[in-house]
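Structural overview for review
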Amino acid sequence: MELRIDKVRKEFDRFPALHETSLDIRSGELIALLGPSGSGKTTLLRLIAGLEQPTDGAIFFGDEDASHRSVQDRNVGFVFQHYALFRHMTVLDNIAFGLNVRPAAIRPPKREIERRVLELLDLVQLPGLEKRYPNQLSGGQRQRVALARALAIEPRVLLLDEPFGALDAQVRKGLRKWLREIHDQTGHTTVFVTHDQEEALELADRVVVMSQGRIEQVGTADDIYDRPTSPFVFSFIGESNALPIRIETGQAWLADRPLGIDVSGEADGPATLYFRPQDIEILTDPPGGGLAGPVAAQRRVAGTRHLELEIGGDRTRVEIEVPADYPIGETGRVAFKPKRWRLYRNDGASGN
Amino acid sequence: MATDITPAAADRRRGWSDPVAERPIARAILIGIALSFLALVLVIPLVAVFTEALRNGLGAALAALREPDALAAIKLTLLVAAIAVPLNLVFGVAAAWAIAKFEFKGKAFLITLIDLPFSVSPVIAGLIYILLFGAGSVLGPYLQSYGVQILFAVPGIVLATIFVTFPFVARELIPLMQDQGTGEEEAAISLGANGWQTFWRVTLPNIKWGLLYGVLLCNARAMGEFGAVSVISGRLRGQTNTMPLHVEILYNEYNFSAAFAVASLLALLALVTLVLKALLELRYSRDSVGH
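These numbers were taken from a predicted model, which means no experiment stands behind them.

Examining the UniProt feature "domain: ABC transmembrane type-1" (unreviewed entry) in chain B
- The UniProt entry lists residues 74-277 of chain B under the feature "domain: ABC transmembrane type-1" (unreviewed entry), expressed in the numbering used here.
- Taken end to end, residues 74-277 of chain B is 80% helix and 0% strand, and its two terminal C-alpha atoms sit 23 Å from one another.

In structure tokens, the structure reads:
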């Protein structure tokens, strides 16, 4: 099922939760809505489900305008952040719920419902737990039951709100892989909300980065990571440094020091230079160019070492990554220049 | 033997005592005050009611209950409760639902309003209806012309009883439903359930123990209400007398053993309510473990 979000806007009590937003989701795609809290990602997900009504705009399921259809009629599988399992029902009754509430004419016979539930329990790798109650399950198991319950109604779209938010790190990783497998097996168009970039980049075909009720960028993990289109995306994804610089006479300057990076074609004026700690080149013999400063702090990060340097007259701190055994000289100064970087103008234009 | 020493005893031996636990003497005094107060105010009067009722023997007490006016009072009380309690059940669920699951203007006001009967004297509740439906009012004569008698009749008694008892169910359910939130209802509708199915299959089972508890308290109060009903009923013996009113009439006629016989029936009802309530609380807490 293709999804098309067409100029949708949502306000709560005049407060804009989602500015005008358009997004196309391809059939069978696994999409992540990624952003900090308050970025509108959950609002967008609930709009797709029909749990919220858009203030403006339309949502298409395939060619059909679903905007005015009720939640019940949209036939979406929704997995809630805290699972919202029916606490007074067994796992079996939870998963069977969507089938049991169907009108008699399209309700499968009891035997068939039970068979399907057991099949789904196998799919989510919880065979034999059908008689348990939700409070007898672990967090990860509840998550799986919630997914099985959503899948039971054979939804046109699968929507997950922070599916792994309430689980500990170990369980998250396992379930992440497992969700990808289920998606590949069932082929549902799937949208999930997360604030965990690692989760989004690892799991999704495409990531929608959101901030303050707007979509900042839509793209694959490579697009988002290597070609961020806005300072927000650059700094939100992965680690980054931001340095206010000046373009003049075809050179990039930090105060009176040339950075030694190629900015040909860039117009003169102030700009902000973004680069990642690992995308740098250490300069052993500073030839007047590059950035240099004393090491203010260092920390060991797995196989590498992160150095915090104080750069320039106003001692702006930047972080760079060096080999774990990198010798810091007697002066305590390190010089480097960014290998890969992006420039963002204060008016939002970008270049590298 | 070392195994006989409880951790608390071991702590005491080391001269360490639980910082929030009282010293034994303080504990004894506190318990003593509470127990003697209970005995004085609750247990002794309750025992007195039953002994008074049985002073002339069980036969006399039963005969007093079988007397036509007493029977009429019992029937009326049951009838009033049978009307008022279900209505308050519906109202309580509706109000609690609205307050717990929706945001709307005037919500705080509605919550305060629901508490009104708790803070208003029942006598005033009765007077309100006299003002509304009495001979000098607009509504009273109008309804009278259609042959509808509110005051000094069953409808008035029911109205007064509903007024006095309506906070019970709502008050019980509001915190429960607020605590449970709307998650399960949203899950139900996303799975295709309509509003009715969502209510019967998801909302109601989740609140059933709290609801029963509220209904039980509501019922006890409905049967025991005196003030509001005494103002509005006109106390027509054998017609508009409920059990509490009947007790008072008998008492005023120095018919003590009959008065206490009816009174002990009411007291018995209260005791049964308490036992049921205790049982419900047990169920309630067991059900909510792990949620």
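Now that the structure has been shown, we can carry on.
Quick notes on the interface of chain A and chain B
- Chain A puts 21 residues into the contact, and the matching count from chain B is 21 residues.
- When chain A packs against chain B, close to 1900 Å² is buried across both sides, 59% of that on carbon and sulfur atoms.
- Among the residues chain A hides against chain B, the three largest losses belong to Gln72(A), Arg87(A) and Val101(A). Together they make up 33% of the total.
- Where chain A touches chain B, the interface holds two salt bridges.
- With a shortest N-O distance of 2.7 Å, Glu184(B) and Arg87(A) are connected by a salt bridge.
- Elements supplying a minimum of two residues to the side of chain A that touches chain B: α2 (71-74), β6 (76-79), α3 (91-100) and α5 (139-152) of chain A.
- Counting residues per element, the side of chain A that touches chain B draws most heavily on α3(A), at three residues.
- When its residues are assigned to classes, the side of chain A that touches chain B shows 13 nonpolar, five polar and three charged.

Overview of the packing of aromatic side chains
- A complete count under the given rule lists 19 aromatic pairs over all chains for this structure.
- Taking 5.2 Å as the distance between ring centres and 15° as the angle between the ring planes, the aromatic pair formed by Phe232(A) and Phe236(A) counts as stacked. Highlighted residues: Phe232(A) and Phe236(A), both in helix α9 (residues 231-236), separated by four residues, approximately one helical turn.
- Looking at Phe232(A), the relative accessible area reads 22%, which means it is partly exposed.
- The buried category is assigned to Phe236(A), whose relative accessible area is 19%.
- Seen in terms of ring centroids, Tyr142(B) and Tyr146(B) are 5.3 Å apart; in terms of plane orientation they differ by 65°. Their pairing is edge-to-face.
- Across the ring face of Trp178(A), the terminal group of Arg144(A) is positioned such that the distance to the ring centre comes to 4.9 Å.
- Over the ring of Tyr225(A) we find Arg276(A); its NZ or CZ atom is 4.3 Å from the centre of that ring.

Examining the pattern of salt bridges
All names here are of chain A.
- For the coordinates displayed, the defined rule picks out 34 salt bridges over all chains.
- As a salt-bridge pair, Glu64 and Arg156 come within 3.1 Å of each other at their nearest N and O atoms. Within this pair, whereas Glu64 is found in strand β5 (residues 64-65), its partner Arg156 is found in the loop between α5 and β7 (157-161), the two being separated by 92 residues in sequence.
- When its relative accessible area of 21% is taken as the criterion, Arg156 is described as partly exposed.
- The partner of Glu119 in a salt bridge is Arg115, and the shortest N-O contact between them spans 2.7 Å. Of this pair, Glu119 and Arg115 are both found in helix α4 (residues 110-123), four residues apart, which corresponds to roughly one turn of the helix.
- Each of Arg172, Arg176, Asp196, Glu198, Glu199 and Glu202 takes part in one network of salt bridges that share partners.

What about the UniProt feature "transmembrane region" (unreviewed entry) in chain B?
Residues and elements named next belong to chain B.
- Sequence positions flagged by UniProt for "transmembrane region" (unreviewed entry) are, in local numbering, residues 28-50, 70-97, 109-134, 146-170 and 254-276.
- The annotated region residues 28-50 carries 100% helix and 0% strand content, and the separation between its end C-alpha atoms amounts to 31 Å.
- Counted over residues 254-276, helix gives 91% and strand 0%. Its end C-alpha atoms are 34 Å apart.

Observations concerning the environment of Asp69(B)
- With respect to the element layout, Asp69(B) can be found in helix α4 (residues 68-101).
- A C-alpha to C-alpha distance of 33 Å links Asp69(B) and Gly92(B), two positions 23 residues apart in sequence.

Here we look at helix α3 (residues 57-66) of chain B
Residues and elements named next belong to chain B.
- If you check which residues of α3 are buried, you get Ala61, Ala64 and Leu65. For α3, the arc enclosing every buried residue in end-on projection is 100°, short of the 170-degree limit, so these residues lie on one face. Projecting away from the buried face of α3 at angles above 90 degrees are the exposed residues Gly59 and Arg66.

How each quantity is defined
- Residues numbered from 1 in each chain as written.
- Chains lettered and ligands numbered in written order.
- Predicted model: local features only at pLDDT ≥ 70, side-chain atom pairs only at ≥ 80, totals over all residues.
- Heavy atoms only, no water.
- UniProt positions renumbered as here; feature names shortened; annotations may be inferred.
- Helix = DSSP H or I, 4+ residues; strand = E, 2+ residues; numbered from the N terminus.
- Contact = heavy atoms within 4.5 Å.
- Buried area = accessible area lost by both parts, 1.4 Å probe.
- Salt bridge = Lys/Arg side-chain N within 4 Å of Asp/Glu carboxyl O.
- Nonpolar A, V, L, I, M, F, W, Y, C, P; charged D, E, K, R; others polar.
- Phe/Tyr/Trp six-rings, centres within 6.5 Å; stacked < 30°, edge-to-face > 60°.
- Buried < 20%, exposed > 50% of the residue type's maximum accessible area, 1.4 Å probe, protein only.
- Lys NZ or Arg CZ within 6 Å of the ring centre and 35° of its normal.
- Arc of directions from axis to C-beta.

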